[in-house]
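One letter stands for each residue in the lines below.
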Amino acid sequence: MGQYTENELAKDLENQDYKFGFVTDVETETIPVGLNEDIIRLISSKKEEPAWLLDYRLNAYKTWLTMSEPDWAHVRYKKPEFQKITYYAAPKQTKKYESWDDVDPEMKETMAKLGISLEEQKRLTGVAVDFVMDSVSVATSFKSKLKELGIIFCSFSEAVQEYPELVREHMGTIIPHTDNFYAALNAAVFTDGSFCYIPKGVRCPMELSTYFRINAGGTGQFERTLVVADEGAYVSYLEGCTAPQRDENQLHAAVVELKALKDAEIKYSTVQNWYPGDKNGVGGVFNFVTKRGLCETNAKISWTQVETGSAVTWKYPSCILKGDHSVGEFYSVAVTNNHQQADTGTKMIHLGKHTKSTIISKGISAGDSQNSYRGLVQIHKNAHKSRNFSQCDSLLMTDHCGAHTFPYIECKNPSAQIEHEATTSKIGEDQLFYCKQRGISEEKAISLIVNGYCKEVLNQLPMEFAVEAQKLLAISLEGSVG
Amino acid sequence: MIEIKNLHANIEGKEILKGLTLTVNAGEVHAIMGPNGAGKSTLASILAGREEYEITEGEVTFEGADLLDLSTEERAHLGLFLAFQYPVEIPGVSNVNFLRTAINETREAKGEDPISAKEFMAMVREKSKIVELDSKLASRSVNEGFSGGEKKRNEIFQMAMLNPKLAVLDETDSGLDIDALRIVANGVNTLKSADNASIVITHYQRLLDYIVPDFVHVLHDGKIVKTGNKDLALELEEKGYDWIKEETQVG
Amino acid sequence: MEEVLTQTKFDILRTGLRPTALNISDALKEKANNVLNYSDFPTRKNEAWKYTNVNGLNKLVFDGKNIPISEPFTIANRSKKIHITNGQVSEGQSAIPGVKTSWDVLPEFFTDDPFDALNALYCTSAIQVEFDDSENETIELIFENTANSAIFPRLFIQCNKGAKGTVILNFQGAEQNASFINVSTYVNVGENANLSIHKIQKNGADTFDLQREYVDQAANSTFTMNTFPLSGRLTRNDLKINVNGNNCETFMNGAYTLKGKSHCDNHTTVDHKVAHCYSKELYKGVIDDRATNVFNGKVFVRKDAQKINAFQSNANILLSDTGTVNSKPELEIYADDVKCSHGSTTGQLDDEAVFYLRSRGLSEKAAKELLVKAFLGEVLEEVENEEVKSYVEAQIEKHFSA
Ligand SMILES: Nc1ncnc2c1ncn2[C@@H]1O[C@H](COP(=O)(O)OP(=O)(O)OP(=O)(O)O)[C@@H](O)[C@H]1O
Ligand SMILES: [Mg+2]
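Please read all numbers here as calculations on a predicted model, not as lab measurements.

A separate point is the site of ligand 1. Residue and element names in this part refer to chain B. Around ligand 1 sit 16 residues, and of these Gly37, Lys40, Ser41, Thr42 and His203 come closest. Here Ala38 contributes a backbone N or O atom positioned 3.2 Å from an oxygen atom of ligand 1. Between Gly39 and ligand 1, the recorded distance is 2.9 Å, taken from a backbone N or O atom to an oxygen atom. Summarising the interface, the protein chains cover 67% of the accessible area of ligand 1, which totals 640 Å² for the free molecule. Counting residues per element, the ones that place at least two in the shell around ligand 1 are β2 (14-24) and α1 (40-48). Here the element with the most residues in the shell around ligand 1 is α1; it accounts for 3 residues. A per-class count over the shell around ligand 1 returns 5 nonpolar, 7 polar and 4 charged.

Shown next, in the form of structure tokens:
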């Protein structure tokens, strides 16, 4: 048969590299490996932090020491050795770039390779970008334009220096350092991240975007993002991630806090494409992230994520629907291939009356991967007339991967309406045949069908992100049907 | 155009086609009729390259190529089109996107450049008129939530867009109301030319009033047991299949 | 080495229990003791007991006080019946072929579940029911609790190759009864066999009823488990079905009506270990007052268990401000050519429908009752045994007219 068999295809793709697996050759400033109070003091002093923040860190560190790693997720991995990680790595001479020209050319090249050349972005899309390489934020564009509107969008470190009161007021209020093992670790050692504040009644006119990248070897990335939308404000925030290809497992333990005050709306989109490890499961990023948003009255938070990367993912972007009539949404596509493991989902905590949540999760498992949806819908006593709708679908591409669904539904209010549906099946043979009959190759057909299957989620992404996400899906699934 | 010789095929160990022979030349319309379960859809599926069937004997030449040696999409690239008896739904994939991918994949296979967006949209507009397909349907997901009749019309719309050499229409008339039947038939007739051909599988003589066949074949028990002109269809309509079944048993 | 806990809640519970009078082997005794020595009552941290707290067990007093059942009931008229009163097989019943109630020594096998260990060590009666015939026979076990007692029945249900059988497990106690019922049931469904078990749990308002069923299904067999927790302080059912052979069918149905302070917890697991099987699960219930319902349904499809169709559904109607519904349907799938789905809904009666019925002249109460019955009716439709069905229907009727 003259057919290009799946096996041949798989072989061809086996050697296909992770597109973002390059290392940027910039001089990096690091501190000694390991973790103790002195390291934390060192990080804090390097960042010239106020005393309250150092205290916050030390406090978190003490808490962390008493905690143990969570083990309830449906993932298996060798626990990171926390004393072998470097907790601070910064591209040298990062001190405040006065202008775009001051930025290290190597770094610019990195950004170009990532497809996020700032210049391009500026010109074409009007997206404001903050770029966090390793632990330090290197460039934020469009700052002045945003400033006119009173919007603050800067690196977390800068925010600590420039707007300490705002940071102090909100940081850790949604995810306390006691929340979980990785949140505690992050609170102790976080080095940078993004900060965003949209003042009352302001609609942020452009998408704000941060690109995270781990570059240096042996480091962990612990960034912190805090987005506050004041009353009636609106912002759409994008986050993208990549990392070089390394044999070791790198740790990424981020914390993202969103606060949507009365009538505010935050749309938070992530395309997560950390290095997933090679086809034998060697290397790759451990992505242990805590993300949570709080909605006051009539506010709305919408999480959209496309997860294709990381060796192990543990992540549940959540919404606390505290205010009456607040709305939480979670749209997720999680693709796992080879030996990737993902345990991801959301928590919707309904506290206020007439609160509404929607969960759309599309899992796609290929290779030897394990892909789990884990979610909690909790309706509290006073959450009258609250609604939840969840749809969790899993698509299986091979007979040696796994797809799992673990929803928790807890209801204490009789006027609430909760609907959860889940399906698991294989990619439709009939659909594949139909496409092929129309002249579409198997690989294109899979990509087409999978993209269609994820449409509801991809539709939530801003245009340019959606295109990137579709490409990523195609790359992640190449040669995956078995 | 296509030459099917002594085709035998099994599914799950059961023989469905038992020595089927049929030749279709350019410019011809062939109708295939036959009782339920005779193997009509099986023939269509095998021509299109569905892998569940095992071909145990026979050969098929299409446009000079050994059809059975080609993959499904290669057959499509050569200009073979199957209008499915049960068109499948593909949620989230818009008709337009689907067709553009199909056209470009075919063009790529032929070493041609992809179709420009403008040209493509113009074509969509032109061809959807032929089957009087609501333009809204073109932007909806492939067949998703389409009524039975809309699905069938969409098949003909796709056929118009892909402009095949040989179209196999598997019961495209079933489930159509009178108007839709006329529209679909009209579509098929409009697309008819001296360089292409079609095989129309149907149960009803009615369709053949609109699409006048050059030949009518009766498929029974995995073989073509009788061939005639359009009058044969009328005779079948009147007398059913029993007399043919008897005839073949005697033979 | 794990440390032996100083005094566990199990230790406290055990002080009030009388060790089994039946012969159990030293090996079984040791195993069971081992499990209990290293266990304590499960807590929230234990995933399988996240929503169910059994601490109240230690408040029960097994004083043996006589509390007669006002309306004792049997379900299947023409069935063979065995009466088990306060845990003891009643004397003077005529021998039923295929049923064994006396043992030289109890069968060994058991799990590492501490409540199963407890059941073995304090077993009050062990009954084996064996079906050997393709004639569908019905055997009803009637557990009458007429005193505050702790009972530990151990059941072995065997449906041999090609045989057909129906078992009705009829648990009943007076409204005021405060007993501890702890049942371990081992079920073996042979090749081509067809077994149905119907379990009715109509317990006293303060009774704790913890039951486990361990089921093994061989090729081409059909197994149905229908569970009706109708009353009780705490009811916990753990149903674990291993589908070990190809072409099996498995049905699990449950209907519950909870009010007062009752807490009901149904945990089910169907483990598809091999290919070409079908399973369907439907649990529905109505929760009123301060009652809580917990549902946890697990579907496993193991590697290479292709062509599995598994469906699972849990629906709840919450009628009161103080009730709670916890639902956790789970799918764990390791094979690709499968069709599995689950659904879970929690809500109230459809206002529109209530309005519609009232506009046709029904009182609000009658309208709601009708809708609730229709809601539960979907489960009852799955019940083939007419006698069980009509009994449960009547109970539901009674529940809402009270
Ligand atoms: N996947 C399959 N497995 C088993 N038998 C099959 C399969 N597909 C088709 N068959 C059998 O092959 C025979 C021919 O089927 P086919 O669909 O080709 O009939 P048909 O002539 O198109 O009938 P109809 O007029 O009803 O559309 C039937 O007996 C059918 O049951
Ligand atoms: Mg057919």
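Having put the structure on the table, let's press on.
On the side of chain C, 36 residues touch chain A, which itself brings 35 residues to the contact. Between chain A and chain C, the buried area comes to about 2,800 Å², and carbon and sulfur atoms account for 46% of it. Connecting chain A to chain C are 0 salt bridges. In this structure, the connection of chain A to chain C is made through 16 residue pairs in polar contact (both at pLDDT 80 or more). For the side of chain A that touches chain C, the per-class residue count stands at 13 nonpolar, 14 polar and 8 charged. As paired strands, strand β23 (residues 417-426) of chain A and strand β20 (residues 338-347) of chain C are joined by 8 bridges and run antiparallel to one another. When the sheet's bridge partners are listed, A:Ala422 is paired in β20(C) with C:His342.

Let's shift gears to helix α5 (residues 364-380) of chain C. For α5(C), which comprises 17 residues, the first-to-last C-alpha distance of 24 Å matches the rise-based estimate of 24 Å (1.5 Å per residue) to within 8%. Every buried residue of α5(C) is accounted for by C:Ala367, C:Glu369, C:Val372, C:Phe375, C:Leu376, C:Gly377, C:Val379 and C:Leu380.

For the rest of this paragraph, the subject is the coordination of the magnesium ion (ligand 2). All names here are of chain B. Protein coordination at the magnesium ion (ligand 2): the donors are Ser41 (OG) and Gln85 (OE1), at 1.9 to 2.3 Å from the metal. In this pair, Ser41 sits in helix α1 while Gln85 sits in the loop between β6 (80-83) and β7 (90-94), placing the two residues 44 residues apart along the sequence. For Gln85, a relative accessible area of 15% translates into the label buried.

Residues and elements named next belong to chain B. Taken in spatial order, the 4 strands make up an open sheet running β2-β1-β4-β5, and their pairing is antiparallel. Among the strands making up the open sheet, the edge pair consists of β2 and β5 (65-66). In this sheet, β2 lies alongside strand β1 (residues 2-11) in antiparallel orientation, the contact comprising 8 bridges. Within β2, the position partnered with Leu7 by the bridge is Leu20. Against the sheet, α1 makes contact with β1, β2 and β4 (54-62), and its axis sits at roughly 110° relative to β1, the strand it touches most.

Membership of the largest hydrophobic core comes to 104 residues, with the highest contact counts inside it found for A:Ile364, B:Ile2, B:Ile4, B:Leu7, B:Leu20, B:Phe98 and B:Leu166. With 7 residues, helix α7 (residues 178-191) of chain B is the single largest residue contributor to this core. Two domains each donate at least three residues to this core, and these are domain 1 (1-315) and domain 2 (321-482) of chain A. Excluding residues that lie within four positions of it along the chain, B:Ile2 makes contacts with B:Leu22, B:Thr23, B:Val24, B:Leu47, B:Val60, B:Thr61, B:Phe62, B:Leu67 and B:Leu166. In terms of nonpolar packing, the next biggest core, distinct from the first, is built from 96 residues, A:Cys204, A:Trp303, C:Ile157 and C:Met252 among them.

All names here are of chain A. Residue placement: Leu458 occurs in helix α12 (residues 455-458). Overall, Leu458 belongs to the buried group, its relative accessible area being 3%. Taking the C-alpha atoms as reference points, Leu458 and Tyr77, 381 residues apart in sequence, are found 30 Å from one another. If we skip the residues at most four places from it in the chain, Leu458 touches Val306, Asn451, Ala466, Ala469, Gln470 and Leu473.

Given two aromatic rings, one states the distance between the centres and the angle between the planes to describe the pair. This structure, assessed with the given rule, holds 37 aromatic pairs over all chains. Measuring from ring centre to ring centre gives 5.9 Å for A:Tyr182 and A:Trp314, while their planes differ by 65°; the resulting arrangement is edge-to-face. With a gap of 132 residues between them, A:Tyr182 in helix α9 (residues 181-189) and A:Trp314 in strand β15 (residues 312-315) connect regions that are remote in the sequence. We classify A:Tyr182 as buried; its relative accessible area is 1%. On the basis of relative accessibility, which here comes to 6%, the residue A:Trp314 falls in the buried class. Three or more aromatic residues link up through ring pairs in this structure, and these residues are A:Tyr61, A:Trp64, A:Trp72, A:Tyr77, A:Phe82, A:Phe181, A:Tyr182, A:Phe286, A:Phe288, A:Trp314 and A:Tyr316. Residue placement shows A:Arg438 over the ring face of A:Tyr434; its charged tip is 4.7 Å from the ring centre. Above the ring of C:Phe375, the side-chain terminus of C:Lys284 is found at 4.3 Å from the ring centroid.

Here we take up the side chain of C:Lys389. Residue and element names in this part refer to chain C. Assignment of secondary structure puts Lys389 in helix α6 (residues 386-401). Buried and without a salt bridge, Lys389 has Glu386 as its closest oppositely charged side chain, separated by 4.2 Å. Once you skip the residues sitting within four places of it in the chain, Lys389 turns out to touch Leu380, Glu381 and Val383.

Successive side chains on a regular strand alternate, one facing one side of the sheet and the next facing the other. All names here are of chain B. Bridge count for β1 against β4 is 7 bridges, and the pairing is antiparallel. When the bridges of β4 are listed, Ile2 appears paired with Phe62. When β4 meets β5, the two strands line up antiparallel, connected through 2 bridges. Across the sheet, Thr61 pairs through a bridge with Asp66, a residue of β5.

Another aspect to go through is the sheet that holds strand β11 (residues 215-220) of chain B. Strands pair in a sheet through their backbones, by hydrogen bonds, and they do so in one of two ways: parallel or antiparallel. Residue and element names in this part refer to chain B. With respect to topology, 6 strands assemble into an open sheet ordered β6-β9-β10-β3-β11-β12, the strand pairing being mixed. Looking at strand neighbours, the two that pair on one side only are β6 and β12 (223-228), the edges of this open sheet. On average, each strand axis in the sheet is tilted by 20° relative to the strand beside it, whichever way the strands run. Two strands pair when backbone bridges link them, and strand β3 (residues 29-33) and strand β10 (residues 197-201) are joined in this way by 4 bridges, in the parallel orientation. If you follow His30 over to β10, its bridge partner there is Ile199.

Listed per partner, the contact involves 21 residues of chain A and 35 residues of chain B. Of all residues in chain A, A:Phe433, A:Tyr434 and A:Arg438 bury the most surface against chain B, accounting for 33% of the area lost on that side. On the surface where chain A and chain B come into contact, there are 3 salt bridges. The partner of B:Arg50 in a salt bridge is A:Asp430, and the shortest N-O contact between them spans 3.3 Å. At the junction of chain A and chain B, the tally comes to 14 residue pairs in polar contact (both at pLDDT 80 or more). Those elements that place two or more of their residues in the side of chain A that touches chain B are α10 (429-437) and α11 (442-453) of chain A.

Rules behind the numbers
- Residues numbered from 1 in each chain as written.
- Chains lettered and ligands numbered in written order.
- Predicted model: local features only at pLDDT ≥ 70, side-chain atom pairs only at ≥ 80, totals over all residues.
- Heavy atoms only, no water.
- Near = heavy atom within 4 Å.
- Polar contact = N/O pair within 3.5 Å; in protein donor to acceptor, adjacent residues only side chain to side chain.
- Areas by Shrake-Rupley, 256 points an atom, 1.4 Å probe, with all protein chains shown as cover.
- Helix = DSSP H or I, 4+ residues; strand = E, 2+ residues; numbered from the N terminus.
- Nonpolar A, V, L, I, M, F, W, Y, C, P; charged D, E, K, R; others polar.
- Contact = heavy atoms within 4.5 Å.
- Buried area = accessible area lost by both parts, 1.4 Å probe.
- Salt bridge = Lys/Arg side-chain N within 4 Å of Asp/Glu carboxyl O.
- Pairing = 2+ DSSP bridges.
- Expected span 1.5 Å × (residues − 1).
- Buried < 20%, exposed > 50% of the residue type's maximum accessible area, 1.4 Å probe, protein only.
- Donors = N, O, S within 2.8 Å, 3.2 Å for Na, K, Ca; no water.
- Axes fitted to C-alpha atoms, helices over the stretch in contact; angles between N-to-C directions.
- Core = buried A, V, L, I, M, F, W, Y, C linked by side-chain atoms within 4.5 Å.
- Domains from an automatic or database assignment.
- Phe/Tyr/Trp six-rings, centres within 6.5 Å; stacked < 30°, edge-to-face > 60°.
- Lys NZ or Arg CZ within 6 Å of the ring centre and 35° of its normal.
- Lys, Arg positive; Asp, Glu negative; His and termini not counted.

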